[in-house]
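Each chain, written out:
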Amino acid sequence: MIIKVGHLNGEVKLYDLADQTSAGHLMQLIQSELGCEVQLVNAGESIAASALLGSESIYYVTVDAEGGKKKKKKKKNFAKPKKKKHRHRKVKLATLKLYTIDNKGTVQRSHKQCPQCPQGVYMAKHFDRHYCGTCHQTFRMDEATIRANLEAIKKQQAAKAAAAAAAAPAGGAATGGAAGGKKGKKK
Ligand SMILES: [Zn+2]
């Protein structure tokens, strides 16, 4: 049978081949002719080497282009360290902190109650504000209180740092060990 092959230069060549010739055989023929690896395309689709040729269609020669290869993605280098997400920590029996009972047995509420919400809604105490988690009402504390609170926080942090520094040499090189030591000291 006669097989029509369209070459890269636009020329259509005829190949006289035995019936039931595979595409792979024709590819090898053209490859030795052109001296490079080729692919055969029919009706816009490349043909497997095992496929049988048909005399009624035209096969086109294509060559794998190096430029067609997908570019390797460059690995991203992040300049800034990842931000630590705020994680909600569950505090067990947090409501106990809202009340204190003195030795006479009277209950004192240590947190401000939200004026907008029904009774029993207490506001969170931050260093500079009272905040209602239900209606998002915020009250700023007065400057003197804020300053006092900030100082208390600073003292707490200094104490923590001192405890960490003291625990570090004893805890050894491993970070896990040092953290464990810190926890032990707090209690
Ligand atoms: Zn509220």
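Owing to the predicted nature of the structure, the values given are computational and were not obtained by experimental measurement.

Undergrad: Help me understand the overall build of the protein chain, please; the structure alone is not making it clear to me.
TA: Of regular secondary structure, the protein chain possesses three helices and 10 strands. Each helix and strand of the protein chain, placed in order from N terminus to C terminus, yields the pattern β-β-α-β-β-β-β-β-β-β-β-α-α. Taken over 187 residues, the protein chain has a buried fraction of 7%. The contacts of the protein chain with a sequence gap of at least 6 include a subset with a gap of at least 24, amounting to 27%.

Undergrad: How should unusual backbone geometry be read in this particular structure?
TA: We note that Q20 has phi near 65 degrees; this positive angle belongs to a residue other than glycine. Structurally, Q20 can be placed in the loop between β2 (12–16) and α1 (23–34). Of the residues examined, Q20 has 8 C-beta atoms within 10 Å and is grouped as exposed. The phi angle at H136 is positive, at roughly 65 degrees, despite the residue not being glycine. Examined against the element boundaries, H136 turns out to sit in the loop between β9 (129–131) and β10 (138–140). Under the C-beta neighbour-count criterion, H136 is labelled exposed, with 9 such atoms within 10 Å.

Undergrad: Explain the nonpolar core to me, please; I cannot follow it from the model alone.
TA: By size, the foremost hydrophobic cluster in this structure holds 10 residues: I3, A23, L26, V38, L40, I47, L53, Y59, Y60 and V61. Within the residue set of this core, elements represented by two or more residues are α1 and β5 (58–62). The element contributing the most residues to this core is β5, with three residues.

Undergrad: Would you mind showing me how to read the pairing of strand β3 (residues 39–42) here?
TA: Side-chain direction in a regular strand flips from residue to residue, so the side chains alternate between the two faces of the sheet. Of the pairings in the sheet, the one linking β3 to β5 comprises three bridges and is antiparallel in character. Among the inter-strand pairings, Q39 is bridged to a residue of β5, identified as T62. Strand direction decides the pairing type here: β3 and strand β4 (residues 45–46), joined by two bridges, are antiparallel. Pairing of V41 across the sheet is with S46, part of β4. In this antiparallel pair of consecutive strands, β3 and β4, the connection spans two residues, and A43 shows a positive phi of 55 degrees.

Undergrad: What is the right way to look at the sheet that holds β10 in this model?
TA: Hydrogen bonds along the backbone pair up the strands of a sheet, which may run parallel or antiparallel. The strand order β8-β9-β10 describes an open sheet built from three strands, whose pairing is antiparallel. At either margin of the open sheet sits one strand with a lone partner, and together these are β8 (124–125) and β10. Bridge count for β8 against β9 is two bridges, and the pairing is antiparallel. Bridge pairing links K125 to H130 in β9.

Undergrad: How should the sheet that holds strand β1 (residues 2–6) be read in this particular structure?
TA: What the five strands build is an open sheet, ordered β2-β1-β5-β3-β4; its pairing is mixed. Both edges of this open sheet fall to β2 and β4, since each of them pairs with a single strand only. Against the sheet, α1 touches β1, β2, β3 and β5, its axis set at about 125 degrees to β3.

Undergrad: Is there a simple way to think about the pairing of β5 in this case?
TA: Direction of pairing for β1 relative to β5: parallel, over a ladder of three bridges. Bridging from a neighbouring strand, K4 pairs with I58 of β5.

Undergrad: Looking at this structure, I do not really get the environment of F127. What am I missing?
TA: Following the sequence through the fold, F127 ends up in the loop between β8 and β9. For F127 and N149, which are 22 residues apart along the polypeptide, the C-alpha to C-alpha distance reads 5.5 Å. If we skip the residues at most four places from it in the chain, F127 touches I146, N149, L150 and I153.

Calculation rules
Residues numbered from 1 in each chain as written. Predicted model: local features only at pLDDT ≥ 70, side-chain atom pairs only at ≥ 80, totals over all residues. Helix = DSSP H or I, 4+ residues; strand = E, 2+ residues; numbered from the N terminus. Buried ≥ 20, exposed ≤ 12 C-beta atoms within 10 Å, placed from the backbone. Contact = placed C-beta atoms within 7 Å. Core = buried A, V, L, I, M, F, W, Y, C linked by C-beta atoms within 7 Å. Pairing = 2+ DSSP bridges. Axes fitted to C-alpha atoms, helices over the stretch in contact; angles between N-to-C directions.

All quantities given are derived from atomic positions and should not be read as evidence of function.
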